[in-house]
Amino acid sequence: MIVIVGGGFAGISAYNQNKNSLLIDKKDYFLLTPWIIDFACGLKNIDDIRVKYEKVLVGEVVKIDFNERRIILSNGQSISYDKVIISLGHQQNLPRLKGAKEYAHKIENLQDALELKKRIQEVRDIVIIGGGASGVELAGNIASNVTGKRITLIQRRDRLLPTMTTASSNTAKKILTELGVNLLLGVEALEIKKNSVLTTHGEIKSELTIFAGGLKGPVLIDAFQHKNKNHRLIVDEYLKSVEHKNVFGAGDCATFEEIDIPMSADVAVSSGRISMKNALGEEIKFKPKRIATIIRIGDKFFGDFGENYVEGNTAKLLRSMAYAESLMIPKMG
Ligand SMILES: Cc1cc2nc3c(=O)[nH]c(=O)nc-3n(C[C@H](O)[C@H](O)[C@H](O)COP(=O)(O)OP(=O)(O)OC[C@H]3O[C@@H](n4cnc5c(N)ncnc54)[C@H](O)[C@@H]3O)c2cc1C
């Protein structure tokens, strides 16, 4: 029996290749995480982002005994496997700032999304920490779709979207500035308080502080594999664990030792597919490749297609192409 632990983009993609496998997830629904921001801003309903699994064993994986080939769930249940695909996703790396645990909101799961949606309606002053894709889309989409909010975006680096082209950074800056977002670039958050954020440029009022930066693998990976990278399972080019036999890694929780596998839905989908094919006996090398990285703020689309900057209809088309397969994923069975 091939067992898949974690039914996100990678896990469902793996399952779709082999419906005789067993899928385990801690919840009974698939979550379309890329739409959490739209949901929080009131642009999507809960049933647009949550899709019930057709067939799943619901349980939280707490341990894998690689010698005995057994998966242990939090309720004590033990499931044996011949091969296992680990696809447990990512966690947000909350900053080690004073007050972060108590007052910073994450954007990781459905509970976070529900809480965020409620809080966005209730408050006026919102501070977002992190100027990557999630922070930029969050700031821009709250500003475009929810009226009467004062939004500040704090970015430690001196430009937004630091992993993208400078043209994309400049467009993000222009659109957010036009929307009235208070951009603090090259500024660091020092402490998160109940009603403010202390930064290297003074204290900013905040009734809702959202942390939109820093991803890591699930901390549970440390218990699975002695050798890991930022809590991500290290796999070889066939997505096999470098430490354990009959163990594969797919999606955000797995990476190569030398280069980082990008954490994105489309890459997770292709790694899920290849991990299952290889678990079934094929020998396919995984070459992580993103079609494009496109940002959407309101009705504006822009981003990077390889090294090139794109915007407007071209960007919109590329985004739907990058998403096409990912969005089909929950329609399993
Ligand atoms: C706000 C936000 C916006 C994003 N926007 C985009 C975007 O625009 N484009 C893009 O490509 N990517 C985007 N991403 C990233 C994308 O969502 C991830 O790269 C993708 O979800 C990775 O797929 P995965 O299968 O590895 O993990 P996930 O989809 O997270 O699935 C992991 C699964 O493991 C399960 N699980 C975890 N721990 C356990 C356990 N102990 N026991 C049992 N089950 C467990 C979870 O319930 C979950 O179902 C965004 C992410 C966020 C949070």
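Residues numbered from 1 in each chain as written. Predicted model: local features only at pLDDT ≥ 70, side-chain atom pairs only at ≥ 80, totals over all residues. Heavy atoms only, no water.

Looking at an unreviewed UniProt entry, one finds the protein chain named FAD-dependent oxidoreductase and attributed to Sulfolobus tengchongensis. Quoted verbatim from the Sequence similarities (unreviewed entry) field of UniProt, the annotation for the protein chain is "Belongs to the NADH dehydrogenase family." Its UniProt record gives the protein chain a comment under Cofactor (unreviewed entry), which states: "FAD". (UniProt positions renumbered as here; feature names shortened; annotations may be inferred.)

The subject of this paragraph is the domain arrangement of the protein chain. By domain assignment, the protein chain separates into domain 1 (2-91 + 215-279) and domain 2 (95-211). With centres defined by C-alpha atoms, the gap from domain 1 to domain 2 works out at 29 Å. On the side of domain 2, 16 residues touch domain 1, which itself brings 15 residues to the contact. Interface area, domain 1 with domain 2, both sides summed: about 1,300 Å², of which 76% is carbon and sulfur. Interface area lost by domain 1 to domain 2 is led by I37, A40 and C41, which between them contribute 41%. Our count for the domain 1 to domain 2 interface comes out at zero salt bridges. Counting across the domain 1 and domain 2 interface gives zero residue pairs in polar contact (both at pLDDT 80 or more). The set of elements that each furnish at least two residues to the side of domain 1 that touches domain 2 consists of β3 (29-31), α2 (36-40) and α3 (46-49). Here the side of domain 1 that touches domain 2 gets four residues from one element, more than from any other, and that element is α2. (Domains from an automatic or database assignment. Contact = heavy atoms within 4.5 Å. Buried area = accessible area lost by both parts, 1.4 Å probe. Salt bridge = Lys/Arg side-chain N within 4 Å of Asp/Glu carboxyl O. Polar contact = N/O pair within 3.5 Å; in protein donor to acceptor, adjacent residues only side chain to side chain. Helix = DSSP H or I, 4+ residues; strand = E, 2+ residues; numbered from the N terminus.)

The next thing to look at is the sheet that holds strand β14 (residues 182-185). Strands sit in the order β11-β18-β12-β13-β14 across an open sheet of five strands; the sheet is parallel. Where the open sheet ends on each side, the last strands, each with one partner, are β11 (104-105) and β14. The pairing of strand β13 (residues 150-155) with β14 spans four bridges and is classified as parallel. Its bridge partner lying in β14, I154 is registered against L184. With respect to the sheet, helix α5 (residues 110-122) is in contact with β11 and β18 (208-211), its orientation differing from that of β18 by roughly 145°. This element, helix α6 (residues 133-145), spans β12 (125-129), β13 and β18 of the sheet and lies at about 170° to β13. (Pairing = 2+ DSSP bridges. Axes fitted to C-alpha atoms, helices over the stretch in contact; angles between N-to-C directions.)

Moving on, we get to the UniProt feature "domain: FAD/NAD(P)-binding" (unreviewed entry) in the protein chain. Mapped onto this numbering, the UniProt entry annotates "domain: FAD/NAD(P)-binding" (unreviewed entry) at residues 2-272. Across residues 2-272 one finds 27% helix and 29% strand; the C-alpha atoms that close the span lie 13 Å apart.

Strand order in the open sheet formed by three strands is β24-β25-β26, and the pairing between neighbours is antiparallel. Two strands close off the open sheet at either side, each with one partner strand: β24 (293-297) and β26 (308-311). Across the sheet, the mean angle from the axis of one strand to that of its neighbour is 15°, orientation sign disregarded. Contacting β24, β25 (300-305) and β26, helix α7 (residues 166-178) crosses the sheet at an angle of about 165° to β25.

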